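Understanding the architecture of this molecule
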Amino acid sequence: MELLLQQIIAGLATGGIYACFALAVVMIYQAIDHFNFAQGEMAMFSTYVAWQLMAWGLSFWLAFGLTFVFSLVMGAFLYLVVLKPVQNASALSQIVAFIALMCIFNSLAGTIWDYSVKPFPSPFPETALFGALVTGHDLGMIAVTLIMLAGVFYFFKFSTLGLAMRAAAQNPESAQLCGVRVQMMTALGWALAAAIGSVAGMMVAYKVFLEPNMMYSIILYGFAAAIVGGLDSPAGAVAGGFLLGVVENLTGVYVPGGSELKLTFALLLIVVVLMFKPTGLFGHRVVKRV
Amino acid sequence: MMNRTDCASCIRATLAATVLLAATGAGPAAAESQGITEDTIKIGNIVPYSGSASAYGNIGEALKACFAMFNEKGGVHGRKIDFISLDDGYSPPKTVEQARRLVERDKVAAIVDVLGTPTNNAIHDYMNRKKIPQLFVISGAAKWGQPEKYPWTMGWQPTNSAEAHVYARYILDTLPEAKIGILYQNDDYGKEWLEEFRDGLGDRADALILAEEPYETSDPSVDSQIVKLAASGADVFVNISLSKFATQSIRKANEIGWKPLQFLNSVSASVGSILEPAGLERSTGIITAQYLKDATDPQFADDAERKEWEAWMDKYYPSGDKTNSFNVFAYAGCHTMMHVLQEAGENPTQESIMTAAGNMKDVAIPMLLPGVTITTGPDDFYPIETLQLVRFNGTFFEKYSDAIDVGKP
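A tally of regular secondary structure across chain B gives 15 helices and 12 strands. Judged by the C-alpha coordinates and their principal axes, chain B covers about 75 × 45 × 40 Å. For chain B, the residues scored as buried account for 56% of the 409 residues in total. Sequence-distant contacts, at least 24 apart, represent 68% of the contacts inside chain B between residues at least 6 apart. Carbon and sulfur atoms form 51% of the exposed surface of chain B, whose accessible area is close to 16600 Å². Taken as two groups, the 37 positive and 54 negative side-chain charges of chain B have centres that lie 5 Å from each other.

In structure tokens:
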């Protein structure tokens, strides 16, 4: 029983990483109705910017704020310069543009800051809690994720801007006819997604260390968490992240040979969820008029 | 396009060889001493100067600087070394292309110090088919020492297996009641390492090992593995992890207050790139195995070999970083090659080079640790099989045990 509890708590701590990033995935999906494969690398790049600011002597929270603003601008800029020209092209062309962005950010970060592993500071106390199962940083990261979740939830549910953005993503033509400035909304969506990604990056970088490839595996789990929870549900994505962390840990302990098959079980979870609930555990059914 | 050019050149090479064979009627004899003229010996090398492994390109630069020093001193048996170093970006197909260029176009006498396991793997058969020595492969895999099957290939550094056996022997000798927890990378490297370590512990393995935790390179972090190892009650931590996973595991163990005796695989025992990001204080007490002198270690401050090495750095490689261990590695590797060429006779051939490489008896090479020498034989293609345990004291690795020789793996 104690082992079970230990593994659940440790799983929640890891799940916090996935949840944080899944939220960023949902944000961009809400804004553009696609996955953005460059999301992880954009977050990584923002995290490097924060690292650089701190290397120049700024405090954590000041660097955090400046990076957040930088990411907002970077997101909108990328949309206007790179993606706007291809937005009416096929989905495949857009995906190619995302993958190109991914490679560009990865190489750019490697060229500017080299490929060595760098430590990233945590603003939270380093004390170990609950019999050393989680650290102050784990709790702080989970708290930041939940605060962001509340913000995103409020934004989409209760603000006019959020509503306009959802409309612009789901049905651009009708939205335009209703007076929504679709391109403006999409640019704003990119900006917010990049900013949320940068927060996720700055939170997980302490745990996984900063290097140009730090997001490769996290983005996989982030997508998985978002799919399990439901791509149109921020709360679902966060829940999906925690669920993934716990399931992964429990299979490692209770399934024979499970510690070698953790990733397999996590991905199996996605298949099972999609078989029975194609829109994810918390997703809404979408009815499209043909 | 590349392929077509390649193929054209290979057809041309074949044609040329056929013509030569027909003209002289003594093809094999001519091929035997390829790359060796009256006053030069051509030596090839391939390392990644570009791409994500480009940090290792440093080895090529240092080798070049070292051969330049020997050339200035008059070379070997009156011949200068013509050193050609090419870039493969750590991509095996590119390694094949460059090896073929070196062997067929540049006609080198031998290639030395090619970096990496997958890259050397890609040219292993080719070099042996061509009968051109592939010497002092930079990789810890055991496969570079199979003289009966691959008589033209030889490793240099201690194999991963030798390192695993050194730790196992130390634990058996000094910590007979150890409770061991192991973290390993779930791939060929980690599994082979684990197997060799268990082999070293012999029939005590199951009694001493409490927990084994694998991690995937796709895992974002190894935090949960470390929590499990700590919970197992282990007091000896054998850490077989690479790059950022090594950094993460060192910090996490410390963070949760787990203070075992930690053995860290030597590929990760880099102060600058692994321990410093994890925290120097957190890394204090980590034990690893070494065979080269650490140029930053104050105990060697007045060491004659180290001073000579520093003078070489100043004169021939002034832009090089003296804290970078690759510069020590390349220096020792180049001295080994020069020893082999010296022993290969007045008129060396590919065969005499391999015979000399396979016939070293307690050869002392500058910058190897005291007690570490090179010994090979016709059926022993593992040059260095001695390691010394060292312990990190917060600034550098200090001596922890005498040199441990584990002989053949």
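So much for the structure itself; the text now carries on.
To continue, consider the packing of aromatic side chains. Overall, the coordinates contain 29 aromatic pairs over all chains when judged by the stated rule. With centroids separated by 6.3 Å and ring planes inclined at 70°, the aromatic side chains of Phe35 of chain A and Phe37 of chain A adopt a geometry described as edge-to-face. Ring centres of Tyr167 of chain B and Phe263 of chain B lie 5.4 Å apart, and the angle between their planes is 55°; on these two criteria the pair is classed as tilted. Placement of Tyr167 of chain B in helix α6 (residues 160–174) and of Phe263 of chain B in strand β9 (residues 261–264) is noted, with a sequence separation of 96 residues between them. Of the two residues examined, Tyr167 of chain B and Phe263 of chain B, each falls in the buried class. In this structure an aromatic cluster arises from ring pairing among Tyr167, Tyr170, Trp193, Phe197, Phe263 and Tyr400 of chain B. Positioned above the aromatic ring of Trp51 of chain A is the side chain of Lys118 of chain A, whose terminal nitrogen or guanidinium carbon lies 5.2 Å from the ring centre.

This brings us to the packing of helix α3 (residues 60–83) of chain A against helix α8 (residues 182–208) of chain A. Residue and element names in this part refer to chain A. Axis separation between α3 and α8 bottoms out at 7 Å; the angle between their running directions is 140°. Here α8 runs oblique to α3, going by the angle between their axes. In this structure, the crossing between α3 and α8 has a hand that is right-handed. For the pair α3 and α8, contact is made by Phe60, Phe64, Thr67, Phe68, Ser71, Leu72, Gly75, Ala76, Tyr79 and Leu83 and by Gln183, Thr186, Ala187, Trp190, Ala191, Leu192, Ala194, Ala195, Ser198, Val199, Met202 and Met203, respectively. Residues belonging to the contact of α3 with α8 are distributed by class as follows: 16 nonpolar, six polar and no charged.

It is worth spelling out the interface of chain B and chain A at this point. At the interface, 28 residues of chain B touch 29 residues of chain A. The largest per-residue losses of area from chain B upon contact with chain A belong to Pro220, Lys244 and Arg251 of chain B, which jointly make up 23% of the total buried on that side. One salt bridge in this structure joins Glu211 of chain A and Lys244 of chain B, with 3.1 Å as the shortest N-O distance. One can count seven residue pairs in polar contact (both at pLDDT 80 or more) joining chain B with chain A. Within the side of chain B that touches chain A, the residues separate by chemical class into eight nonpolar, nine polar and 11 charged.

For the rest of this paragraph, the subject is the confidence of the model for chain B. Low pLDDT marks regions whose predicted coordinates should not be analysed in detail. Per-residue confidence for chain B averages 88 on the pLDDT scale, and 91% of its residues sit at or above 70. The ipTM for the predicted assembly is 0.81, set against a pTM of 0.79.

We now examine helix α4 (residues 91–113) of chain A. Residue and element names in this part refer to chain A. An ideal rise of 1.5 Å per residue puts 33 Å on 23 residues; α4 measures up with 33 Å between its terminal C-alpha atoms. All of the buried residues in α4 are Gln94, Ala97, Phe98, Leu101, Phe105, Asn106, Ala109, Gly110 and Trp113. With its phi angle positive at about 55°, Asp114 sits one or two positions after the end of α4.

Residues and elements named next belong to chain B. Relative to the elements of secondary structure, Ser401 occurs in strand β12 (residues 397–405). Measuring from C-alpha to C-alpha, the distance between Ser401 and Arg391 comes to 9.0 Å, with 10 residues separating the pair along the chain. Beyond its immediate stretch of four places on either side in the chain, Ser401 contacts Tyr170, Gln388 and Leu389.

It is worth spelling out the side chain of Ser268 of chain B at this point. Within the secondary structure, Ser268 of chain B is located in the loop between β9 and α11 (271–278). Contacts of Ser268 of chain B, omitting those with residues within four sequence positions, involve Ser241, Leu242, Ser243, Ala246 and Ile274 of chain B.

All right, on to the sheet that holds strand β3 (residues 110–112) of chain B then. All names here are of chain B. Spatially, the five strands line up as an open sheet ordered β2-β1-β3-β4-β5, and their pairing is parallel. The open sheet has two edge strands, β2 (80–87) and β5 (153–155), and neither has a second partner. Between one strand axis and the next, the sheet turns by 20° as a mean value, whatever way the strands run. Taken together, the two bridges between strand β4 (residues 134–137) and β5 define a ladder with parallel strand orientation.

With that settled, consider a nonpolar patch on the surface. Residues and elements named next belong to chain A. Together, Leu268, Val271, Val272, Met275 and Phe276 make up an exposed nonpolar region whose accessible area comes to about 530 Å². As for its placement among the helices and strands, Phe276 is situated in helix α11 (residues 262–276). Judged by relative accessible area, Phe276 falls into the exposed class, the value being 67%.

This paragraph deals with the packing of helix α2 (residues 39–55) of chain A against α3 of chain A. Residues and elements named next belong to chain A. Interhelical geometry of α2 versus α3 gives an angle of 140° and a closest axis separation of 9 Å. Of the possible angle classes, the one that applies to α2 and α3 is oblique. Two packed elements cross with a definite hand, and for α2 against α3 that hand is right-handed. Where α2 approaches α3, its residues Met42, Phe45, Ser46, Val49, Ala50, Leu53 and Met54 are matched on the opposing element by Phe60, Ala63, Leu66, Thr67, Phe70, Ser71, Met74 and Leu78.

Parameters at a glance
- Residues numbered from 1 in each chain as written.
- Chains lettered and ligands numbered in written order.
- Predicted model: local features only at pLDDT ≥ 70, side-chain atom pairs only at ≥ 80, totals over all residues.
- Heavy atoms only, no water.
- Helix = DSSP H or I, 4+ residues; strand = E, 2+ residues; numbered from the N terminus.
- Buried < 20%, exposed > 50% of the residue type's maximum accessible area, 1.4 Å probe, protein only.
- Contact = heavy atoms within 4.5 Å.
- Areas by Shrake-Rupley, 256 points an atom, 1.4 Å probe, with all protein chains shown as cover.
- Lys, Arg positive; Asp, Glu negative; His and termini not counted.
- Charge placed at Lys NZ, Arg CZ, Asp CG, Glu CD.
- Phe/Tyr/Trp six-rings, centres within 6.5 Å; stacked < 30°, edge-to-face > 60°.
- Lys NZ or Arg CZ within 6 Å of the ring centre and 35° of its normal.
- Axes fitted to C-alpha atoms, helices over the stretch in contact; angles between N-to-C directions.
- Parallel < 35°, antiparallel > 145°, perpendicular 65-115°, else oblique.
- Left-handed = near helix turned anticlockwise from the far one by under 90°.
- Nonpolar A, V, L, I, M, F, W, Y, C, P; charged D, E, K, R; others polar.
- Buried area = accessible area lost by both parts, 1.4 Å probe.
- Salt bridge = Lys/Arg side-chain N within 4 Å of Asp/Glu carboxyl O.
- Polar contact = N/O pair within 3.5 Å; in protein donor to acceptor, adjacent residues only side chain to side chain.
- pLDDT = per-residue confidence, 0-100.
- Expected span 1.5 Å × (residues − 1).
- Pairing = 2+ DSSP bridges.
- Patch = residues over 30% accessible without salt bridge, like charges linked within 9 Å, V, L, I, M, F, W, Y side chains within 5 Å.

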